[in-house]
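# Architecture and fold: a report
Spelled out, the chains give:
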Amino acid sequence: MNRSVIRAAAPRPCTLVVCRGCCCGNPRKHPGTDHTWQLDRLRAGAAEHGFQVRTTDCLGPCDQANVIVVQPSTAGRRAGGRAVWVGFAMDDDSTDDLLGWAQAGGPGIAEPPPALALQLIRPPREARARARR
């Protein structure tokens, strides 16, 4: 008889998913932003403070580039936190706010900084569903 043991998933930290598709991270479309520097800075903050950063292709809302999704940690999700989409994250202040929020625990653990809260956008599926109503 083969018995397998099911263990609880390892706790996951807050994760920043950085769009680097067709518009986000594109220096030709956004020449005033140092996209490489921003990503390097986010990764350095993650290494120092224990959250994660990963990149992905196009997330969808290209007219709101740069888009970053802040995913809650395991503890944040248990506390009711859900993924939060941030648009127009191209300047130093946005980067600082994202770093501070992720360091503080992200969704479900800490509120986003007030300036960053003004940059929250709807996920593409939710925006499409509302438009159909």
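Per an unreviewed UniProt entry, the protein chain goes by (2Fe-2S) ferredoxin domain-containing protein and derives from Streptomyces camelliae.

Across the sheet, five strands lie side by side as β2-β1-β3-β4-β5; this open sheet has mixed pairing. At either margin of the open sheet sits one strand with a lone partner, and together these are β2 (52-56) and β5 (120-121). Inspection of the sheet shows strand β4 (residues 84-86) paired to β5 by two bridges, in the antiparallel sense. When the bridges of β5 are listed, W85 appears paired with I121.

Before going further, it helps to spend a moment on a positive patch on the surface. On the surface, a cluster of positive charge is contributed by R12, R54, R77 and R82. The residue R12 is located in the segment before β1 (15-19) in this model.

A few words now on the pairing of β1. Each regular strand shows side chains that alternate between the opposite faces of the sheet. Within β1, five of the five residues are buried, which leaves the element mostly enclosed by the surrounding structure. Because side chains alternate across β1, one face comprises the buried residues T15, V17 and C19, and the other comprises L16 and V18, equally buried. Pairing analysis gives five bridges linking β1 to β2, with the strands arranged parallel. Bridge pairing in β2 places C19 opposite T56. At this point the chain moves from β1, through helix α1 (residues 35-49), to the parallel β2, and the crossover so formed is right-handed. Sheet topology note: the β1/strand β3 (residues 68-71) ladder contains four bridges and is antiparallel. In the sheet register, T15 faces β3, and the bridge partner there is Q71.

Reading guide: rules and limits
Residues numbered from 1 in each chain as written. Predicted model: local features only at pLDDT ≥ 70, side-chain atom pairs only at ≥ 80, totals over all residues. Heavy atoms only, no water. Pairing = 2+ DSSP bridges. Helix = DSSP H or I, 4+ residues; strand = E, 2+ residues; numbered from the N terminus. Patch = residues over 30% accessible without salt bridge, like charges linked within 9 Å, V, L, I, M, F, W, Y side chains within 5 Å. Areas by Shrake-Rupley, 256 points an atom, 1.4 Å probe, with all protein chains shown as cover. Salt bridge = Lys/Arg side-chain N within 4 Å of Asp/Glu carboxyl O. Lys, Arg positive; Asp, Glu negative; His and termini not counted. Charge placed at Lys NZ, Arg CZ, Asp CG, Glu CD. Buried < 20%, exposed > 50% of the residue type's maximum accessible area, 1.4 Å probe, protein only. Right-handed = clockwise from strand over helix to strand, strands pointing away.

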